[in-house]
Amino acid sequence: MVALMSCEILDGLKKLGINPSAELIEYVIEYTAYYSMRLIQLESSTD
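Residues numbered from 1 in each chain as written. Predicted model: local features only at pLDDT ≥ 70, side-chain atom pairs only at ≥ 80, totals over all residues. Heavy atoms only, no water.

**Quick notes on the packing of helix 1 (residues 6–15) against helix 2 (residues 22–45)**
In step 1: Running from amino to carboxyl end, helix 1 crosses helix 2 at an angle of 140°, the nearest separation of the two axes being 9 Å. Judged on the interaxial angle alone, helix 2 and helix 1 are oblique. For the pair helix 1 and helix 2, the sense of crossing is right-handed. When helix 1 is examined against helix 2, the residues S6, I9, L10 and L13 are found in contact with a partner set consisting of L24, I25, V28, I29, Y31 and T32.
In step 2: Its residues assigned to classes, the contact of helix 1 with helix 2 comprises eight nonpolar, two polar and no charged. (Axes fitted to C-alpha atoms, helices over the stretch in contact; angles between N-to-C directions. Helix = DSSP H or I, 4+ residues; strand = E, 2+ residues; numbered from the N terminus. Parallel < 35°, antiparallel > 145°, perpendicular 65-115°, else oblique. Left-handed = near helix turned anticlockwise from the far one by under 90°. Contact = heavy atoms within 4.5 Å. Nonpolar A, V, L, I, M, F, W, Y, C, P; charged D, E, K, R; others polar.)

As structure tokens, then:
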């Protein structure tokens, strides 16, 4: 599983010509935090 950092997601949106709103930025940050925690949980359960 690959977890993108919020800055990578926002950079990708900007390259597509999408100017993210404050609401979208907040969503991306929450999404990144959730999947980062999920990845940590998966990695610790396989150890």
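From this point, the discussion proceeds with the structure in view.
**As for helix 2**
In step 1: The end-to-end C-alpha separation of helix 2 is 35 Å, in line with the 34 Å expected for 24 residues at 1.5 Å each.
In step 2: Listed as buried for helix 2 are V28, T32 and L39.
In step 3: Packed against the buried residues of helix 2 are helix 1. (Expected span 1.5 Å × (residues − 1). Buried < 20%, exposed > 50% of the residue type's maximum accessible area, 1.4 Å probe, protein only.)

**Regarding the packing of aromatic side chains**
In step 1: This model, assessed by the stated rule, comprises three aromatic pairs.
In step 2: Taking 4.8 Å as the distance between ring centres and 50° as the angle between the ring planes, the aromatic pair formed by Y31 and Y35 counts as tilted. In this pair, Y31 and Y35 both sit in helix 2, four residues apart, roughly one turn of the helix.
In step 3: Its relative accessible area of 37% is what places Y31 among the partly exposed residues.
In step 4: Judged by its relative accessible area of 33%, Y35 falls in the partly exposed class.
In step 5: Members of the aromatic cluster, connected to one another through ring pairs, are Y27, Y31, Y34 and Y35. (Phe/Tyr/Trp six-rings, centres within 6.5 Å; stacked < 30°, edge-to-face > 60°.)

**Considerations on a nonpolar patch on the surface**
In step 1: There is a patch of nonpolar side chains on the surface, built from Y27, Y31, Y34 and Y35 and spanning about 450 Å² of accessible area.
In step 2: According to the relative accessible area criterion, Y27 is exposed, its value standing at 53%. (Patch = residues over 30% accessible without salt bridge, like charges linked within 9 Å, V, L, I, M, F, W, Y side chains within 5 Å. Areas by Shrake-Rupley, 256 points an atom, 1.4 Å probe, with all protein chains shown as cover. Salt bridge = Lys/Arg side-chain N within 4 Å of Asp/Glu carboxyl O.)

Shape is all these values report; function is a separate question.
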